[in-house]
Protein chains: 2
Amino acid sequence: MKRPPILFATANPHKVREIREILGPCFTVLSLLDYGLPGPEESGTTLEENAEIKARYAYERTGIPAVGEDTGLFVRALKWAPGIYSARFSGGGDRENREKLLYLMRGEGDRYAEFRTALVFYDGRRLETFLGVLPGRIATVERGKGGFGYDPLFVPEGHTRTLAEMSPQEKNAISHRRKALMSFLKWLVREIR
Amino acid sequence: MKRPPILFATANPHKVREIREILGPCFTVLSLLDYGLPGPEESGTTLEENAEIKARYAYERTGIPAVGEDTGLFVRALKWAPGIYSARFSGGGDRENREKLLYLMRGEGDRYAEFRTALVFYDGRRLETFLGVLPGRIATVERGKGGFGYDPLFVPEGHTRTLAEMSPQEKNAISHRRKALMSFLKWLVREIR
């Protein structure tokens, strides 16, 4: 008996890898990559809207219940930017995004930030939203080779290393993405406590 | 965010260990042992009835949605005995049960048997049943130290070693218990394919 499949509406291989590291022992993690589909345009104004757009897009094209995912880095000193624009913050790639963030945060004393992940499940009838938040602060220099995106600049609360300095197991044990996924699983089992 | 809890209505530490090996990465596996509760009387006439008795028992005492489990070894040459009486076949323990089975099967050419697991989920409203079957044959001598119960006498179809000669990972990848658990998870995600 195979692990039951769950379709995640993302075409980002980094996200697929992390979701698979977290849920892989119990579920078969499928993504838009398995269907040769590109990601949809992310035209929402919140993480939740973008996650819903992705879930609907995936469900409508595959007929399979899907989980949309959107993640952003929210920096207090920048009035919570880049937020939903995290991936397109600089117009370049991950490295340029980090360079822009470091530049805007130079000399800034308030380093507080949050990684937030929204998941939306859609099966043609039900639409359910789940959130995961990881509080922390923006480092003053990049550190570490792991993870992706802003991970080399993000030090989770209660830790001294950046997410990129942690092993995948360490990151996946505390991450915003893990929290949102566990919230989704909790809904699946309809825990009543 | 912790793994969401699922309560399994068993007080058998061997079963708890195996369920935890299979579902542990994604769920917190609780059992009657965590509530200091003994197992209920297994007065059903089928695996499914016994699993339902256990699920209702656990739900009524804890108020938490519960999964009852019952497993049996069904041997064709013995008119599918010991079946639901597998654990109390000899009136003794695992070793005496295996000795009785070997004795009854001496000289028997038809070695076909099945391990069957029934799971029943109950949350006060819904009652859902899941089955997992592992076909195989009864060995002529005990082999291996792993697993529990009749594992040292059971060679799964397509294999040459007994379940007790396999690593926990190997057993858990093919077992009746795994098949039933995956069927339960499949229901949880309501896969429509």
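Relevant structure appears above.
Draft legend 1. Expanded view of the relation of the copies chain A and chain B. Of the two same-sequence chains, chain A is brought onto chain B (RMSD 0.0 Å, axial shift 0.0 Å) by a rotation of 180 degrees. Such values leave the two copies arranged in the relation of a two-fold axis. When C-alpha distances to the rotation axis are compared across chain A, the minimum falls at Leu188(A), with a value of 2.9 Å. A share of 100% of interface residues in chain A that are also interface residues in chain B marks the association as one of identical surfaces.

Draft legend 2. How the structure looks around the packing of helix 1 (residues 13-23) of chain B against helix 5 (residues 176-189) of chain B. Residue and element names in this part refer to chain B. Relative orientation of the contacting elements helix 1 and helix 5 amounts to 55 degrees, with a least axis distance of 11 Å. Relative to helix 5, the element helix 1 lies oblique. Crossing of helix 1 against helix 5: the hand is right-handed. For the pair helix 1 and helix 5, contact is made by Lys15, Glu18, Ile19, Ile22 and Leu23 and by Arg177, Arg178, Leu181, Met182 and Leu185, respectively.

Draft legend 3. Structural detail: the environment of Glu165(B). Residues and elements named next belong to chain B. One can find Glu165 in the loop between strand 7 (154-156) and helix 4 (168-174). Each C-alpha atom of the pair Glu165 and Glu41 lies 32 Å from the other, and the pair is 124 residues apart in sequence. Polar contacts involving the side chain of Glu165 include one to the side chain of Arg143, which spans 3.1 Å. One polar contact links the side chain of Glu165 to the main-chain amide nitrogen of Thr162, over a distance of 2.9 Å.

Draft legend 4. Representation of the side chain of Ser31(A). Residue and element names in this part refer to chain A. With respect to the secondary-structure elements, Ser31 resides in strand 2 (residues 28-31). Ser31 sits in the buried class, given a relative accessible area of 2%. In contact with Ser31, other than residues within four places in its own chain, are Leu7, Phe8, Thr10 and Val16.

Draft legend 5. View of the packing of aromatic side chains. One pass over the full model with this rule turns up 17 aromatic pairs over all chains. Between the aromatic rings of Phe130(B) and Phe184(B), the centroid separation amounts to 5.6 Å while the plane-to-plane angle is 65 degrees, which identifies the pairing as edge-to-face. Taken together, the residues Phe130(B) in strand 6 (residues 127-138) and Phe184(B) in helix 5 connect sequence positions 54 residues apart. Side by side, Phe130(B) and Phe184(B) carry an identical accessibility label, which is buried. Three or more aromatic residues joined by ring pairs make a cluster, and in this case those are Phe121(A), Phe130(A), Phe184(A) and Trp187(A). Between the NZ or CZ atom of Arg116(A) and the centre of the ring of Phe74(A), over which it lies, the distance is 4.0 Å.

Draft legend 6. Seen up close, the interface of chain A and chain B. Each side of the interface is counted separately: chain A has 29 residues, and chain B has 29 residues. At the junction of chain A with chain B, the criterion picks out 0 salt bridges. Seen at the junction of chain A and chain B, the total is 0 residue pairs in polar contact (both at pLDDT 80 or more). A total of 8 residues in the side of chain A that touches chain B trace back to one element, the largest contributor, which is helix 5 (residues 176-189) of chain A. In terms of residue class, the side of chain A that touches chain B is built from 18 nonpolar, 2 polar and 9 charged.

Calculation criteria
- Residues numbered from 1 in each chain as written.
- Chains lettered and ligands numbered in written order.
- Predicted model: local features only at pLDDT ≥ 70, side-chain atom pairs only at ≥ 80, totals over all residues.
- Heavy atoms only, no water.
- Least-squares fit on C-alpha atoms with pLDDT ≥ 70 in both.
- Contact = heavy atoms within 4.5 Å.
- Axes fitted to C-alpha atoms, helices over the stretch in contact; angles between N-to-C directions.
- Helix = DSSP H or I, 4+ residues; strand = E, 2+ residues; numbered from the N terminus.
- Parallel < 35°, antiparallel > 145°, perpendicular 65-115°, else oblique.
- Left-handed = near helix turned anticlockwise from the far one by under 90°.
- Polar contact = N/O pair within 3.5 Å; in protein donor to acceptor, adjacent residues only side chain to side chain.
- Buried < 20%, exposed > 50% of the residue type's maximum accessible area, 1.4 Å probe, protein only.
- Phe/Tyr/Trp six-rings, centres within 6.5 Å; stacked < 30°, edge-to-face > 60°.
- Lys NZ or Arg CZ within 6 Å of the ring centre and 35° of its normal.
- Salt bridge = Lys/Arg side-chain N within 4 Å of Asp/Glu carboxyl O.
- Nonpolar A, V, L, I, M, F, W, Y, C, P; charged D, E, K, R; others polar.

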